[in-house]
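Spelled out, the chains give:
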Amino acid sequence: MALAKDFLWGGATAANQYEGGVFEGGAGLSTADVMTNGSHTVRRQVTWKKADGTEGSTPLCFGSAERNLPEGAVPCIIEGDKYYYPSHIASDFYHHYKEDIKLCAEEGFKCFRLSIKWSRIYPNGDDAEPNEEGLQFYENVFDECHKYGIEPLVTLLHYENPLSLAARFNGWDSRHLVDAYVKYASTCFKRFQGKVKYYLTFNEINCIEECPYVTAGLIHGNPQNVANAAFHQFLASALTVKEAHEHFPELRIGMMLAYGPVYGFTSDPADQLLAKQAENKILFYSDVQMLGTYPSYKLAEYARNGITIPAQPGDMETLAKYPCDFLSFSCYGSHVVTIHGEDQKAGEGNGAMAQTVANPYLDTNAWGWATDPQCLRIAVNTFYNRYRCDIWCVENGIGWNDEFADGTVHDSYRIDYMRANIQSLKDAAEIDGIPVMGYLYWGCVDMVSNGEGEMAKRYGQIYVDADNYGKGSMKRSTKDSYYWYQKCIRSNGEDLK
Ligand code: BG6
């Protein structure tokens, strides 16, 4: 089966890493706006103050085992030079959206993925009325996309929550967020009717276990809080699907999973079992969102650990009745796990888990992320065999400390990465016969990295002149990979030379 004629080629972005304009247009702050910059070796921090005036910072970010702010600490921006907050300027899409969308259109994009900053629409998350300026901003962006025949794909929540909800309710730990979110989603459905057809409810919903602050706004994230938050997000997603099906039947609502195939390092059955368990840890989230029930392995794990699910009467029926319309996923590479890891180099990268070791067969970038030429094919097979659903790869890409010279970047390493990954996705369609909705390259325009909060880890096919502190002209320039992807899209994936 060849790729469909209407295969959705394009790129993906997220407001907290790309949009900037944080203090403009009546927006409220989000949890990302109090996160400092970092690097491969320095963790990002969440800054806070206490009522007695004490202030400080805590690494509640990806890669850190910390799950709590100190008692009484309220996350906030600390004025002065001590901390830098990369989301405030980011790549300044807020002022450059026309230019960026035009460049993406010339590259051949059929689809552009962006996230809406919830606190730009409802500044505190649960205000009585939405912020008109925020709605207008996104409407302008969607109009600009349609001017070029580009279909927007909107993530309703991508790694930021209204800060006020985090501070007042410990984020998604509270059921209060369910209704607030559904109201926000419904506001978007209504306002953007006819302009947006595809929505994703929660970006990388499974990363809640790895980083409950970033995904779910938890400032106190013990295992019970995390289970509560996951349940509330499942419920909110199901109610959002219900809202769409009942009032906006033209919409398609997807779930979004962070996935990387997990390999056992040795043929020791214990390693293979470990790999299956690690995959289940990921697939629990798609099991609930695509099949509508909690799987037995998770219920048993919760029971062993004394964790309860905060379901009220009727909630489980809601989950069962309103699974998502399609499954979307991010995949950057794969993971290797073993019980024999003592002498092995620890694995790194997106979603690296305990007992992860480096794969000796794969190359890695400077941040330890391995390129796996088979990962998309394996991902798509895993999902299709389990769910028989529509599948869309909405994130795949490689970060690199690009060298900008003579107005461009010669990023052959990025082209090699894309060639291998797109071929792998095509193999899933052509050899394994699985229909795939589309492919979106992550970070098509350079933006701040999520894990490190730095600009140096660039993914883009379009270069942005800004350094790790948002200094620079913000001028956009095309890289070699831009022209390679343009050729690939023009040929509907036939020309990968
Ligand atoms: C995904 C996220 O996990 O990976 C993105 O959805 C993120 O927000 C991307 O940017 C790449 O990760 P990073 O940390 O290199 O930016």
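Placed above this text is the structure.
Everything quoted here is computed from the prediction, not taken from an experiment. (Residues numbered from 1 in each chain as written. Predicted model: local features only at pLDDT ≥ 70, side-chain atom pairs only at ≥ 80, totals over all residues.)

1. Here's the deal with the nonpolar core
Core analysis: the largest hydrophobic core is formed by 145 residues, its most contacted members being L257, F329, A379 and C393. Apart from the residues within four sequence positions on either side, L257 is in contact with E204, I205, N206, I282, Y285, S286, L327 and F329. In terms of nonpolar packing, the next biggest core, distinct from the first, is built from 7 residues, F265, A275, A278 and V337 among them. (Core = buried A, V, L, I, M, F, W, Y, C linked by C-beta atoms within 7 Å. Buried ≥ 20, exposed ≤ 12 C-beta atoms within 10 Å, placed from the backbone. Contact = placed C-beta atoms within 7 Å.)

2. Topic: the environment of L103
Looking at the element boundaries, L103 is found in helix α2 (residues 93–107). Looking at L103, the number of C-beta atoms within 10 Å reads 19, which means it is partly exposed. In this structure L103 touches I462 and R476, once residues within four positions along its chain are discounted. (Helix = DSSP H or I, 4+ residues; strand = E, 2+ residues; numbered from the N terminus.)

3. Quick notes on the packing of helix α13 (residues 412–430) against helix α14 (residues 480–490)
The contact between α13 and α14 brings their axes to 8 Å, and the two run at 25 degrees. Accordingly, the angle class assigned to the pair α13 and α14 is roughly parallel. Classified by chirality, the crossing of α14 by α13 is right-handed. When α13 is examined against α14, the residues S412, R414, I415, M418 and I422 are found in contact with a partner set consisting of D480, S481, W484, Y485 and C488. Split by residue class, the contact of α13 with α14 holds 6 nonpolar, 2 polar and 2 charged. (Axes fitted to C-alpha atoms, helices over the stretch in contact; angles between N-to-C directions. Parallel < 35°, antiparallel > 145°, perpendicular 65-115°, else oblique. Left-handed = near helix turned anticlockwise from the far one by under 90°. Nonpolar A, V, L, I, M, F, W, Y, C, P; charged D, E, K, R; others polar.)

4. Regarding helix α9 (residues 269–291)
For α9, which comprises 23 residues, the first-to-last C-alpha distance of 29 Å sits more than 12% below the rise-based estimate of 33 Å (1.5 Å per residue). The complete set of buried residues in α9 reads L274, A275, A278, I282, L283, Y285, S286, D287, V288, Q289 and M290. Immediately downstream of α9, the backbone of G292 shows phi near 85 degrees, a positive value. (Expected span 1.5 Å × (residues − 1).)

5. So, the packing of helix α6 (residues 176–191) against helix α8 (residues 223–247)
Look at α6 against α8: their axes get within 9 Å of each other, and the N-to-C directions meet at 35 degrees. Once α6 is placed against α8, the crossing between them reads as right-handed. Along the contact surface, α6 presents L177, V178, Y181, V182, A185, S186 and F189, while α8 presents H232, L235, A236, L239, T240, E243 and A244. Classifying every residue of the contact of α6 with α8 by side-chain character gives 10 nonpolar, 3 polar and 1 charged.

6. Overview of the pairing of strand β10 (residues 326–330)
Counted residue by residue, β10 has 4 buried out of 5 residues, so it is predominantly covered. In terms of strand pairing, β10 meets strand β13 (residues 391–395) through 4 bridges, oriented parallel. Of the residues in β13, the one forming a bridge with F329 is C393. (Pairing = 2+ DSSP bridges.)

7. Thoughts on the sheet that holds strand β7 (residues 198–200)
A barrel is described by the order of its strands in space; here 8 strands give the closed sequence β1-β5-β6-β7-β8-β10-β13-β14, paired in parallel fashion. Neighbour-to-neighbour, the strand axes of this sheet turn through a mean angle of 25 degrees, independent of strand direction. In this sheet, strand β8 (residues 252–258) lies alongside β7 in parallel orientation, the contact comprising 3 bridges. Paired with Y198 across the bridge in β8 is R252. Contacting β8 and β10, α9 crosses the sheet at an angle of about 165 degrees to β8.

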